[in-house]
Amino acid sequence: MARATFGRTLADFVVRPTDGLWGVAPGTELTFWSAADGGDQYTDLINAMGAPATTIVTDENGAIPLFQGPDSITAMWADAGGTRRARIEAHSDGTGGGGGPAGSVRDWLNVLDYGAAGDNVSDDTAAIQAALDACPMGGIVYAPGRPYRTSRTLTIPPGVTLMSTHTNLMSVVGLVDPPCYIKPLATFEGDAVIAFLDEIDGGYSTISAEHRIVSVMIDGSDLTEPGTDGIRARGNIQNVQLRDVTIRRVTGAGVHTEFNGGFYPYSWRLTRVMVDNTGWHGFAFEVMTDISLMDCQAIGCGASGFEIANAANSHAVGCRAEWNVGDGWHITGDWATGTGSGGMLFSGCSTDRNGANGFLIDATGNPVLQFENIHTRRDGRNNGAGGGNYAGFACNGATVPVIVGLLTCYPGVDDDGTQENSPQFGARVTGCTYVSVDAGFLHADTAGWSDGGGNTVLRRGLNIAERVGTTDAFVDQLAPPTDVAGNLNVGGYAALNSGQSGGQWNIWDGGPKALNLGSGGGGIAIAEGANARMGTSTLAAGAVTVANTSITANTRVIVSRQAAGGALGHLSVTKTPGTGFTITSSSNTDTSAVAWVLLEPA
């Protein structure tokens with residue numbers, strides 16, 4: 001058989017650690033072997049110049065140049081002196097045909113060529129892991145659409161993509177369910193179906209980063225041990241992307257990130273990731289900085305749909321949490337106060353029929369959590385009983401500022417019309433430092449808006465309407481009172497049908513008509529009584545003393561005769577600050593009723 005040609009494809013580069021990242025390795029001498037570990041070295045090579053060679057040296061760009069292998073050899077394991085060898089395949093077999101596996105995209109590593117059966121019976125763990133280990137950084141391991149069974153955790157190395165063909169969104173009776181998945185056997189052993197390892201656990205010489213999972217479904221319906229996650233990452237694992245991934249019926253979390261060796265994973269992108277009926281949280285993120293969640297969903301999970309404990313500088317856009325046993329979204333943990341701390345933006349996210357709250361925010365720290373265009377529906381199911389002080393949107397003991405733009409809540413019962421109407425409240429805020437809700441429509445069983453007390457500042461916007469009761473028998477509260485803490489600045493006119501104030505009013509205009517009563521018949525009414533600022537008193541023998549502790553040395557006392565009596569005289573006033581004032585007539589037989597008004601200088 002003719003010699004096959006190797007090298008000079010997009011995957012044929014040698015890399016090494018450079019400043020904490022992977023960089024190309026020019027001038028590296030490569031040896032070639034018959035196995036990933038051990039085996040026989042191939043020394044019968046021919047280099048690009050046509051000369052015999054026992055090793056091949058990468059060019060100035062780190063690329064493997066063209067060369068020919070021994071007769072009849074179409075794949076070898078390349079060794080650059082590191083801890084692992086990489087599989088390299090021929091792209092020409094010397095007969096005019098390609099050297100890549102039949103039926104696969106050039107330079108992709110097909111798990112079937114590594115011994116995977118994909119028959120829903122055989123244990124394909126070793127074959128799939130061999131393909132992942134053989135894949136160079138930047139390469140793709142391809143699992144054609146079949147059911148693959150595994151018995152232990154698969155580990156995706158840094159810079160490697162695991163790709164399949166199809167992911168089902170949900171398991172529904174009577175719905176087509178193509179058998180395209182990785183499905184752990186009942187004898188499976190491991191903490192997760194798929195794992196990303198950091199440089200500590202993985203033994204890598206640099207930061208673990210740039211993993212990809214695309215169009216892969218994990219089906220854990222045969223798992224028997226509790227706590228097995230779908231995808232788990234521990235430690236400093238950066239720049240991971242999950243796209244079009246479904247994880248269903250695992251006994252732990254769908255996606256779980258956690259601490260290791262002083263670091264947490266960060267800077268991940270999750271797009272169209274579905275987590276369905278897990279034993280624990282759907283998504284469990286622990287101190288996950290710079291994460292973006294886009295069109296992700298958690299449904300039917302055994303705890304919260306999204307459990308997020310500090311995710312500084314992160315986003316959740318168009319994500320859904322439905323029918324989870326706990327809260328739909330639980331935003332919790334210490335979000336810190338230092339210069340590296342940060343908040344999170346939730347935009348266009350929704351909930352439906354979660355067992356506890358739709359959203360629960362009890363996070364501490366100083367960063368701002370911002371919620372825009374949030375829709376909650378039928379949450380607070382509470383095992384079908386409703387009540388429980390659950391709300392579509394709840395803040396309880398949060399010290400982080402919570403800013404809500406537009407919030408809606410709509411109640412309901414189960415899809416079959418059974419169980420109790422819920423949630424009890426549309427929005428409920430208790431014991432928080434600062435919560436502001438600008439606008440919304442809050443329809444709930446007991447109250448749309450609920451102030452649970454103990455809040456430092458709770459701002460309810462001007463455009464929030466309430467509705468109480470069921471969806472078909474409700475009571476409108478479309479114009480309830482609005483509380484505004486702090487200043488309300490209006491750039492133009494503030495037109496009010498009526499109003500009242502429990503505090504001091506100030507008018508800072510310096511014009512002669514700073515306060516105008518603009519309609520004929522308009523006037524000013526001042527309450528009278530003890531310590532009042534207006535009243536009437538009757539002279540006796542030309543004098544009367546009025547007790548009023550509000551009198552100061554600067555109080556202006558304006559008097560006028562209300563009803564004449566006796567011999568009239570001129571009226572004068574003597575003040576005793578803190579005690580009252582005396583009205584005296586120049587006639588000691590004056591018995592008139594005298595009206596008085598007290599004014600203070602500004």
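All values reported here derive from a predicted model rather than from experimental measurement. (Residues numbered from 1 in each chain as written. Predicted model: local features only at pLDDT ≥ 70, side-chain atom pairs only at ≥ 80, totals over all residues. Heavy atoms only, no water.)

## Describing the overall build of the protein chain
Heads up, the rule is: The numbering of helices and of strands both runs from the N terminus, where a helix is a DSSP run of H or I of at least 4 residues and a strand a run of E of at least 2. We compute the radius of gyration over the C-alpha atoms and compare it with the globule rule, which gives 2.2 Å times the number of residues raised to the power 0.38. Relative accessible area decides the class of each residue, using a 1.4 Å probe on protein chains only: under 20% of the type maximum gives buried, over 50% gives exposed, and in between gives partly exposed.
Within the protein chain, the regular secondary structure consists of two helices and 48 strands. Its C-alpha atoms give the protein chain a radius of gyration of 38 Å, more than 25% over the compact-globule value 25 Å for 602 residues. By principal-axis analysis of the C-alpha atoms, the protein chain measures approximately 140 × 60 × 40 Å. Looking at the protein chain as a whole, 48% of its 602 residues are labelled buried.

## A look at the side chain of His281
Inclusion rule: Definition of a polar contact: a pair of N or O atoms within 3.5 Å, with one able to donate and the other able to accept a hydrogen when the atoms are protein atoms, and with sequence-neighbouring residues admitted only if both atoms are side-chain atoms. We call two residues contacting when some pair of their heavy atoms lies within 4.5 Å.
Positionally, His281 belongs in the loop between β23 (269-276) and β24 (283-286). A distance of 3.0 Å separates the side chain of His281 from the backbone nitrogen of Ser304, its partner in a polar contact. Setting aside anything within four residues of it in sequence, one finds His281 in contact with Gly252, Ala253, Gly254, Cys301, Ala303, Ser304, Gly305 and Glu307.

## Details of the state of the cysteines
Counted only if it meets this: The disulfide definition used here is simple: a pair of cysteine sulfur atoms within 2.5 Å.
Counting across every chain of the model gives zero disulfides. As a non-bridged cysteine, Cys395 has Cys432 as the owner of its nearest cysteine sulfur, 5.0 Å distant.

## Brief notes about the nonpolar core
Put simply, the test is: As used in this record, nonpolar core signifies buried Ala, Val, Leu, Ile, Met, Phe, Trp, Tyr and Cys residues forming a set joined through side-chain atoms within 4.5 Å.
Trp329 and Ile361 are the most contacted members of the largest nonpolar core, which totals 84 residues. Membership of the second largest hydrophobic core comes to 17 residues, among which are Phe6, Ala25, Leu45 and Ile88.

## Some details on the packing of aromatic side chains
The following threshold applies: Pairing of aromatic side chains here covers Phe, Tyr and the six-membered ring of Trp, requires ring centres within 6.5 Å, and sorts the geometry by plane angle: under 30 degrees stacked, over 60 edge-to-face, intermediate tilted. Only when the NZ of Lys or the CZ of Arg is both within 6 Å of the ring centre and within 35 degrees of the ring normal is a charge said to sit over the ring.
Applying the stated criterion across every chain yields a total of 15 aromatic pairs. Look at Phe196 and Trp268: their rings are 5.8 Å apart centre to centre, the planes differ by 80°, and that puts the pair in the edge-to-face class. Here Trp268 lies in the loop between β22 (255-258) and β23 and Phe196 lies in strand β16 (residues 181-197), a separation of 72 residues in the sequence. The interplanar angle of 5° and the centroid separation of 4.6 Å between the aromatic rings of Phe346 and Phe371 together place this pair among those described as stacked. Highlighted residues: Phe346 in strand β31 (residues 344-347) and Phe371 in strand β34 (residues 369-372), separated in sequence by 25 residues. On the basis of relative accessibility, which here comes to 0%, the residue Phe371 falls in the buried class. Ring pairing ties together the aromatic residues Phe283, Phe285, Phe306, Trp329, Phe346, Phe359, Phe371 and Phe393, which thus form one cluster. In this arrangement the basic side chain of Arg467 is found over the ring face of Phe474, its NZ or CZ atom lying 3.9 Å from the centre.

## Regarding the confidence of the model for the protein chain
Here is the rule we go by: The pLDDT value expresses, per residue, how confident the predictor is, ranging between 0 and 100.
Here the protein chain averages 91 in pLDDT, and 93% of its residues register 70 or above. A low-confidence stretch, residues 96-104 (pLDDT under 50), is modelled with 15 contacts involving residues beyond four sequence positions or located in other chains.

## Things to note about the sheet that holds strand β48 (residues 593-599)
Put simply, the rule reads: Note on pairing: DSSP must find at least two bridges between two strands before they are called paired. Only C-alpha atoms enter the line fits that serve as axes; for helices the fit covers just the stretch in contact. Angles between N-to-C directions range over 0 to 180 degrees.
Across the sheet, three strands lie side by side as β43-β48-β45; this open sheet has antiparallel pairing. Looking at strand neighbours, the two that pair on one side only are β43 (534-538) and β45 (556-563), the edges of this open sheet. For this sheet the average axis-to-axis angle between neighbouring strands, irrespective of direction, equals 25°. Pairing geometry for β43 and β48, over five bridges, is antiparallel. Paired with Ser537 across the strands is Val594, a residue of β48.

## Side note on the environment of Tyr264
By the secondary structure assignment, Tyr264 is in the loop between β22 and β23. Judged by relative accessible area, which is 25%, Tyr264 ranks as partly exposed. When the C-alpha positions of Tyr264 and Leu185 are compared, they lie 30 Å apart, and in sequence the two are 79 residues distant. Not counting chain neighbours up to four residues away, the residues in contact with Tyr264 comprise Gly235, Asn236, Glu258, Phe259, Glu286 and Val287.

## Concerning unusual backbone geometry
The omega angle of the peptide bond from Ser422 to Pro423 is 10°, so this bond is cis rather than trans. Here Pro423 shows up in the loop between β37 (402-410) and β38 (425-430). Even without glycine at this site, Asn239 takes up a positive phi of about 55°. Summarising the element assignment, Asn239 is placed in the loop between β20 (237-238) and β21 (241-248).

## Some remarks on the environment of Cys296
Following the sequence through the fold, Cys296 ends up in the loop between β25 (292-294) and β26 (297-299). Residue classification places Cys296 among the buried residues on the basis of a relative accessible area of 0%. Setting aside anything within four residues of it in sequence, one finds Cys296 in contact with Leu270, Thr271, Arg272, Val273, Phe283, Phe306, Gly318, Cys319 and Arg320.

## Things to note about the sheet that holds strand β46 (residues 571-576)
The sheet built from three strands is open, its strands ordered β44-β47-β46 with antiparallel pairing. Unpaired on one side and paired on the other, β44 (543-547) and β46 mark the two borders of the sheet. Pairwise comparison of adjacent strand axes, ignoring direction, gives a mean angle of 20° for this sheet. In the sheet, β46 pairs with strand β47 (residues 580-585) via six bridges, with the strands oriented antiparallel. Within β47, the residue paired with Ser572 across the bridge is Thr584.

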